[in-house]
Every structure is written in C-alpha cells, then in structure tokens.
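Chain residues, written in single-letter form:
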Amino acid sequence: MRNFDPHLCSILIDEKAIQNRVRELGAEISAQYPDGVVLVGILTGALYFLVDLSRAISCPIEIDLIAISSYVGTSSSGTVTYKKDLSREIDDRHVLIVEDIVDTGRTISALLTLLKDRNPRSLGICTLLDKPDRRIVPVPIHHCGFTIPDQFVVGYGLDYNQAYRNLPYIAVLNEPK
Ligand code: 5GP
C-alpha cells in the first residue's frame, strides 16, 4: 500500500470492488453481444477501465479509441472538442462506448450524435462511474459500474490535471485549488 496522498480525502471505491464490478460488467456485455462488439474507449480517462473490461469480456471484440473532451481542471468547459477520431468504419457494427465517468452528460451526448451519423447497428454506453446529480443532458446509460455522489474523484484512469491516473482505486480529491 503506497502512502496516502494528502490531497486525497478518502477512498471511495477500492481496488477489489472495482475489479469485481468490472468482471460483472464483462459478463453482462458478453451476454448482450454474442456475435461481437466494437469497444470505443474515450481517451484518456477510460483507458484503465477499457483494458480491464476487455479482458473480462468473452465474446469477440475489437477496440478503437476516440479523444473528446469538455473539461479543464475540475469543471466542464461546456465546449466539446474532438482530438482524435476512430481508426475504422463502424457502419452496421454493434458499438459500445466505454467511458470513465458521466457527469453533466455533455461529452457522451456529443459523441452519441457524432457516432449515430455513421450508422452503427447499435450504439450503447458503458460507464465505470455515473454522477447523476450533475446531469444537464439526459443520456441513456446501458451498463454502469457505480453511481457516485457529486464529488470530484481521481484514480483508475481519472485525473486531476493529468495526475493520479495510476491509482488502483477511486479516491475523492480534496477541494481543488
Ligand atoms: P461530462 O461531459 O459528462 O460533464 O463530463 C465527462 C468527462 O468529465 C469525463 O470523461 C471526465 O473526463 C470528466 N469528469 C467528470 N467528473 C469527473 C470527476 O469527478 N473526476 C475526474 N477526474 N474527471 C471528471
């Protein structure tokens, strides 16, 4: 166990709970897509979740990555920017977006609009964390790891100005400066 960072106030979800839930989500997704699915991970926050989730899925998968962001520091900028597009066509494919956290819903909503235009056979959302208290744009979440309160969290891929992604647990950040 590494020393606890003084900028973190508590562990919200420990490593074991994350890994157990990821295994459950993997089983759910395998049952839903017996013929296979394209997992679209949103960089960079969803990387750890995407890798673990993909290993918990037993149906055929392909992996692609997209970069889209609406955040600066700890608050949503309200403007969504695309930084990297998919590297394949997704028309007539089952596609599952893999996200780290859905907060206001703006990011996922913008991505849904973008990907729907490419005519996938189906388009689903799997998020590790859901913060429903701050939702501004309603989004259909098909697979959710954990519903959490309105707190800014880091770890397991989630950052604060690029720090803390490699924590194996999800922790609550003290009031950011
Ligand atoms: P939304 O567009 O739903 O407001 O924001 C989604 C994105 O905001 C996430 O992909 C993530 O990058 C960032 N985000 C939202 N809440 C948190 C949080 O509590 N911690 C961290 N590290 N990022 C967050």
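Residues numbered from 1 in each chain as written. Predicted model: local features only at pLDDT ≥ 70, side-chain atom pairs only at ≥ 80, totals over all residues. Heavy atoms only, no water.

A.B. asks: Kindly report on the sheet that holds strand β8 (residues 153-154), identifying the contributing residues and their values.
C.D. replies: Strand order in the open sheet made by the three strands is β1-β9-β8, with antiparallel pairing throughout. Every interior strand has two partners, whereas the edge strands, β1 (8-13) and β8, have only one. (Pairing = 2+ DSSP bridges. Helix = DSSP H or I, 4+ residues; strand = E, 2+ residues; numbered from the N terminus.)

A.B. asks: Describe the packing of aromatic side chains, naming the residues involved and giving the relevant values.
C.D. replies: Applying the stated rule across the entire model yields two aromatic pairs. With a centroid separation of 6.3 Å and 50° between ring planes, the pair formed by Tyr48 and Tyr156 is classed as tilted. You can see Tyr48 sitting in helix α2 (residues 47-56) and its partner Tyr156 sitting in the loop between β8 and β9 (170-173), a full 108 residues away along the chain. Between Phe152 and Tyr160, the ring centres sit 6.2 Å apart and the planes meet at 80°, which makes this aromatic pair edge-to-face. (Phe/Tyr/Trp six-rings, centres within 6.5 Å; stacked < 30°, edge-to-face > 60°.)

A.B. asks: Lay out the pattern of salt bridges in plain terms, naming residues and giving numbers.
C.D. replies: The tally for this structure, following the rule as stated, stands at twelve salt bridges. Between Arg121 and Asp92 there is a salt bridge, with its nearest N and O atoms 3.3 Å apart. Taken together, the positions of Arg121 in the loop between α3 (106-116) and β6 (122-130) and Asp92 in the loop between β4 (75-84) and β5 (94-102) put the pair 29 residues apart, joining distant regions of the chain. Asp92 sits in the partly exposed class, given a relative accessible area of 47%. A salt bridge links Arg134 to Asp103; the nearest nitrogen and oxygen atoms lie 2.7 Å apart. Pair noted here: Arg134 is in the loop between β6 and β7 (143-147) and Asp103 is in the loop between β5 and α3, with a separation of 31 residues, a long-range link. A cluster of three or more residues bridged by salt bridges with shared partners is formed by Glu62, Asp64, Arg88 and Arg93. (Salt bridge = Lys/Arg side-chain N within 4 Å of Asp/Glu carboxyl O. Buried < 20%, exposed > 50% of the residue type's maximum accessible area, 1.4 Å probe, protein only.)

A.B. asks: Requested: an account of the site of the ligand, with residues and values cited.
C.D. replies: Not every one of the 17 residues close to the ligand is listed here, only the nearest: Thr104, Thr107, Lys131, Val153 and Asp159. Between the ligand and Asp100 there is a distance of 2.9 Å, counted from an oxygen atom to a side-chain nitrogen or oxygen. Between the ligand and Val153, the relevant distance is 2.7 Å, taken from a nitrogen atom to a main-chain nitrogen or oxygen of the residue. Against a free-state accessible area of 510 Å², the protein chains account for coverage of 92% of the ligand. Breaking the shell around the ligand down by element, the ones donating at least two residues are β3 (61-72), β5 and α3. Element by element, the count of residues in the shell around the ligand is highest for β5, at four residues. Classifying every residue of the shell around the ligand gives six nonpolar, five polar and six charged. (Near = heavy atom within 4 Å. Polar contact = N/O pair within 3.5 Å; in protein donor to acceptor, adjacent residues only side chain to side chain. Areas by Shrake-Rupley, 256 points an atom, 1.4 Å probe, with all protein chains shown as cover. Nonpolar A, V, L, I, M, F, W, Y, C, P; charged D, E, K, R; others polar.)

A.B. asks: Run through unusual backbone geometry, naming residues and quoting values.
C.D. replies: Of note, the amide linkage connecting Leu43 to Thr44 takes the cis form, showing an omega dihedral of -5°. Checked against the element boundaries, Thr44 lands in the loop between β2 (37-43) and α2. Here the phi dihedral of Tyr164 falls at roughly 80°; this positive angle occurs in a residue that is not glycine. Tracing the backbone through its elements, the reader meets Tyr164 in the loop between β8 and β9. Taking relative accessible area as the criterion, Tyr164 reaches 16% and is therefore assigned buried.

A.B. asks: Before we move on, could you go through the pairing of β2 and cite the residues and values that matter?
C.D. replies: Counting buried positions over the seven residues of β2 gives six, a clear majority of the element. Two elements, β2 and β5, share four bridges in a ladder whose sense is parallel. Counterpart to Val40 in the pairing with β5 is Ile97.

A.B. asks: Account for the environment of Thr81, with residues named and values stated.
C.D. replies: Examined against the element boundaries, Thr81 turns out to sit in strand β4. Taking relative accessible area as the criterion, Thr81 reaches 36% and is therefore assigned partly exposed. Along the primary structure Thr81 and Ala67 are separated by 14 residues, whereas in three dimensions their C-alpha atoms are 8.4 Å apart.

Any functional reading would require information that these geometric values do not contain.
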